[in-house]
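Here are the chains, one letter per residue:
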Amino acid sequence: MTQQTSLMDRFGRHVDYVRISVTDRCDLRCIYCMSEDIRFVPRSQLLTLEEIVRIGRAFVALGVTKIRITGGEPLTRKNVVKVFDQLGRVSGLKELTLTTNGTQLPRYAGALRDAGVKRINISIDSLQPDRFHAITRNGDIDKTLAGIDAAIAAGFERIKLNAVILKNRNHDEVLDLVGFAIEKRLDISFIEEMPLGIIGDHDRAEAYYSSDRILSDLREHYEIVPTTETTGGPSRYFRIAGQPTRVGFISPHSHNFCDLCNRVRLTAEGRLLLCLGQEHSVDLRRVVRANPTDDRPLRDAIVAAMQLKPKGHDFNLEAQPVIFRHMNTTGG
Ligand code: SAM
Ligand code: SF4
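Calculation criteria
Residues numbered from 1 in each chain as written. Chains lettered and ligands numbered in written order. Predicted model: local features only at pLDDT ≥ 70, side-chain atom pairs only at ≥ 80, totals over all residues. Heavy atoms only, no water. Helix = DSSP H or I, 4+ residues; strand = E, 2+ residues; numbered from the N terminus. Rg over C-alpha atoms; globule rule 2.2 N^0.38 Å. Buried < 20%, exposed > 50% of the residue type's maximum accessible area, 1.4 Å probe, protein only. Contact = heavy atoms within 4.5 Å. Areas by Shrake-Rupley, 256 points an atom, 1.4 Å probe, with all protein chains shown as cover. Lys, Arg positive; Asp, Glu negative; His and termini not counted. Charge placed at Lys NZ, Arg CZ, Asp CG, Glu CD. Arc of directions from axis to C-beta. Salt bridge = Lys/Arg side-chain N within 4 Å of Asp/Glu carboxyl O. Phe/Tyr/Trp six-rings, centres within 6.5 Å; stacked < 30°, edge-to-face > 60°. Near = heavy atom within 4 Å. Polar contact = N/O pair within 3.5 Å; in protein donor to acceptor, adjacent residues only side chain to side chain. Axes fitted to C-alpha atoms, helices over the stretch in contact; angles between N-to-C directions. Parallel < 35°, antiparallel > 145°, perpendicular 65-115°, else oblique. Left-handed = near helix turned anticlockwise from the far one by under 90°. Nonpolar A, V, L, I, M, F, W, Y, C, P; charged D, E, K, R; others polar. Core = buried A, V, L, I, M, F, W, Y, C linked by side-chain atoms within 4.5 Å. Pairing = 2+ DSSP bridges.

**Considering the overall build of the protein**
Within the protein one finds 10 helices and 14 strands. On C-alpha atoms alone, the protein measures out to a radius of gyration of 19 Å, which is about the 20 Å that the 2.2 N^0.38 rule sets for 332 residues. Split into buried and exposed, the 332 residues of the protein put 55% on the buried side. When contacts within the protein are restricted to residue pairs at least 6 apart in sequence, those whose partners lie at least 24 apart make up 74%. Roughly 14,200 Å² of accessible area belongs to the protein as shown, and the carbon and sulfur atoms make up 48% of that amount. Mean positive and mean negative side-chain charge positions of the protein (46 and 42 charges, respectively) differ by 7 Å.

Put into structure tokens, the structure is as follows:
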């Protein structure tokens with residue numbers, strides 16, 4: 001019998017957070033995330049919604065308290081609300097969250113809130129329609145803006161905007177993005193681009209714009225106050241004096257966060273990835289399908305997988321990517 005009720009890796013890191021990708025597909029084609037001619041996984045190879053819930057439950061039985069549903073664009077998966085409804089009822093799960101590009105939120109925000117989702121992250125890299133279109137290769141900013149408004153109207157406890165900042169693409173918009181977050185009373189995080197997969201658009205080293213440069217750009221206009229607040233993840237948070245808005249930085253290059261890593265990722269095909277920036281993985285789809293009525297082998301496989309979690313990523317913007325999977329496959 002599986003005795004273990006918490007997940008610990010070889011380096012003493014306690015894993016209590018799982019990101020589950022419910023699809024690698026997306027209605028956008030962001031230039032840093034995927035190549036223009038990306039091929040998606042055949043639908044027949046994806047975990048079913050029931051299998052996703054089953055694996056999610058197994059993680060909670062092993063002490064995981066936070067699950068984020070992501071993708072690809074999670075809200076493009078048919079009937080995905082079932083996953084939220086069912087995971088939202090799992091006792092022991094303290095937080096069920098979502099990362100989305102927002103385009104489907106006008107349709108789903110209310111149902112997600114009803115399913116118990118309290119916090120969501122919405123990605124938006126530019127407020128300029130033409131630029132937004134260029135960065136997403138096909139996106140209509142009005143859809144994402146409508147999604148943000150729908151999320152605000154649905155009354156989530158916390159909405160955070162995510163923006164990947166690229167030099168000469170959108171670095172000059174950091175003030176506008178923070179101004180927008182303040183106006184809407186939302187939080188915002190700035191993310192350094194990670195070298196996952198071949199994207200065929202730009203040279204990632206040339207487009208690097210560090211979190212510290214963003215911070216100094218912001219300091220020219222705002223009084224930025226460091227905080228010790230944390231959401232249990234790699235973000236470093238600051239406050240804008242006199243405002244409720246928090247500004248976070250996810251800085252895989254300039255401030256390595258691997259020592260604090262508390263998470264693993266499940267791909268839409270059921271591959272458990274132990275590190276965002278390494279290939280160590282375990283095929284959980286095979287385990288659930290070989291054991292349709294017994295969860296013990298699944299829990300044992302998850303516990304054993306912790307021994308494979310590597311010490312950290314080796315991101316190097318100057319080198320060819322060593323990780324060939326894209327972020328939409330990884331479940332960012
Ligand atoms: N489609 C949803 C969205 O865009 O929010 C969820 C999936 S997306 C892969 C999750 C997050 O990863 C987004 O905030 C996106 O900007 C970020 N992301 C994608 N590719 C990235 C990369 N190469 N480096 C850093 N962040 C990336
Ligand atoms: Fe789609 Fe999100 Fe990747 Fe953009 S970052 S292409 S919205 S999965």
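On we go from here.
**A word on helix 4 (residues 129-136)**
For helix 4, the full list of buried residues reads Phe-132, Ile-135 and Thr-136. Viewed end-on, helix 4 has its buried residues packed into an arc of 90 degrees, placing them on one side of the element. Residues of helix 4 that are buried in the fold lie against helix 5 (141-154). Following helix 4 by one or two positions, Arg-137 adopts a phi angle in the positive range, close to 65 degrees.

**As for the pattern of salt bridges**
Taken as a whole and judged by the stated rule, the model has 12 salt bridges. Of the charged contacts, one joins Asp-187 and Arg-158 as a salt bridge, the two residues approaching to 2.6 Å between their closest N and O atoms. Of the two residues, Asp-187 is situated in strand 8 (residues 187-191) and Arg-158 in strand 7 (residues 158-164); the sequence distance between them amounts to 29 residues. Arg-158 matches Asp-187 in its accessibility class, with the two residues each being buried. Connected through shared salt-bridge partners, Arg-131, Asp-172 and Glu-173 make up one network.

**Focus on the packing of aromatic side chains**
Under the counting rule described, the total for this entry stands at 2 aromatic pairs. The interplanar angle of 35 degrees and the centroid separation of 6.0 Å between the aromatic rings of Phe-190 and Phe-249 together place this pair among those described as tilted. In this pair, Phe-190 sits in strand 8 while Phe-249 sits in strand 11 (residues 246-250), placing the two residues 59 residues apart along the sequence. The class of Phe-190 is buried, set by a relative accessible area of 0%.

**Details of the site of ligand 1**
As a structural note, the neighbourhood of ligand 1 is formed by 19 residues, with Tyr-32, Gly-72, Ser-123, Met-194 and Met-327 the closest of them. With respect to ligand 1, the backbone of Tyr-32 contributes an N or O atom lying 3.0 Å from a nitrogen atom. Between ligand 1 and the protein, one listed contact pairs a nitrogen atom with a side-chain N or O atom of Glu-73 at 3.2 Å. In the complex, 95% of the free accessible area of ligand 1, which totals 540 Å², lies under the protein chains. At the level of elements, strand 5 (95-100) and strand 7 are the ones that each hand at least two residues to the shell around ligand 1.

**A short note on the packing of helix 3 (residues 105-114) against helix 5**
At a minimum axis distance of 8 Å, the contact between helix 3 and helix 5 shows a crossing angle of 25 degrees. In terms of axis orientation, helix 3 runs roughly parallel to helix 5. Pair helix 3 / helix 5 crosses with right-handed handedness. In contact with Leu-105, Pro-106, Ala-109, Gly-110 and Arg-113 of helix 3, helix 5 contributes Ala-146, Gly-147, Ala-150, Ala-151 and Ala-154. Split by residue class, the contact of helix 3 with helix 5 holds 7 nonpolar, 2 polar and 1 charged.

**Details of the nonpolar core**
The biggest cluster of nonpolar side chains holds 78 residues, and the ones touching the most others in it are Phe-59, Phe-84, Phe-190 and Leu-284. It is helix 1 (residues 49-61) that provides the largest number of residues to this core, a total of 7 residues. Contact partners of Leu-284, with chain neighbours within four places excluded, come to Ile-55, Phe-59, Leu-266, Gly-270, Leu-272, Leu-298, Ala-301 and Ile-302. Residues Cys-33, Val-164, Met-194 and Ile-250 belong to the second largest nonpolar core, which totals 18 residues.

**Quick look at the site of ligand 2**
What surrounds ligand 2 is the set Cys-26, Leu-28, Arg-29, Cys-30, Cys-33, Met-34, Gly-72 and Asn-101. Looking at the shell around ligand 2, its residues break down into 5 nonpolar, 2 polar and 1 charged.

**Focus on the environment of Glu-183**
As for its position among the elements, Glu-183 is in helix 6 (residues 174-184). Separated by 60 residues in the primary sequence, Glu-183 and Gln-243 place their C-alpha atoms 9.7 Å from one another.

**Brief notes about the sheet that holds strand 11**
The 12 strands are arranged 9-10-11-8-7-6-5-4-3-12-13-14 in an open sheet whose pairing can be described as mixed. Whereas interior strands pair on both sides, the edge strands pair on one side only; in this sheet they are strand 9 (224-226) and strand 14 (281-283). Ignoring strand direction, the axes of neighbouring strands in this sheet form an average angle of 25 degrees. As paired elements, strand 6 (residues 119-123) and strand 7 share 5 bridges and run parallel to each other.

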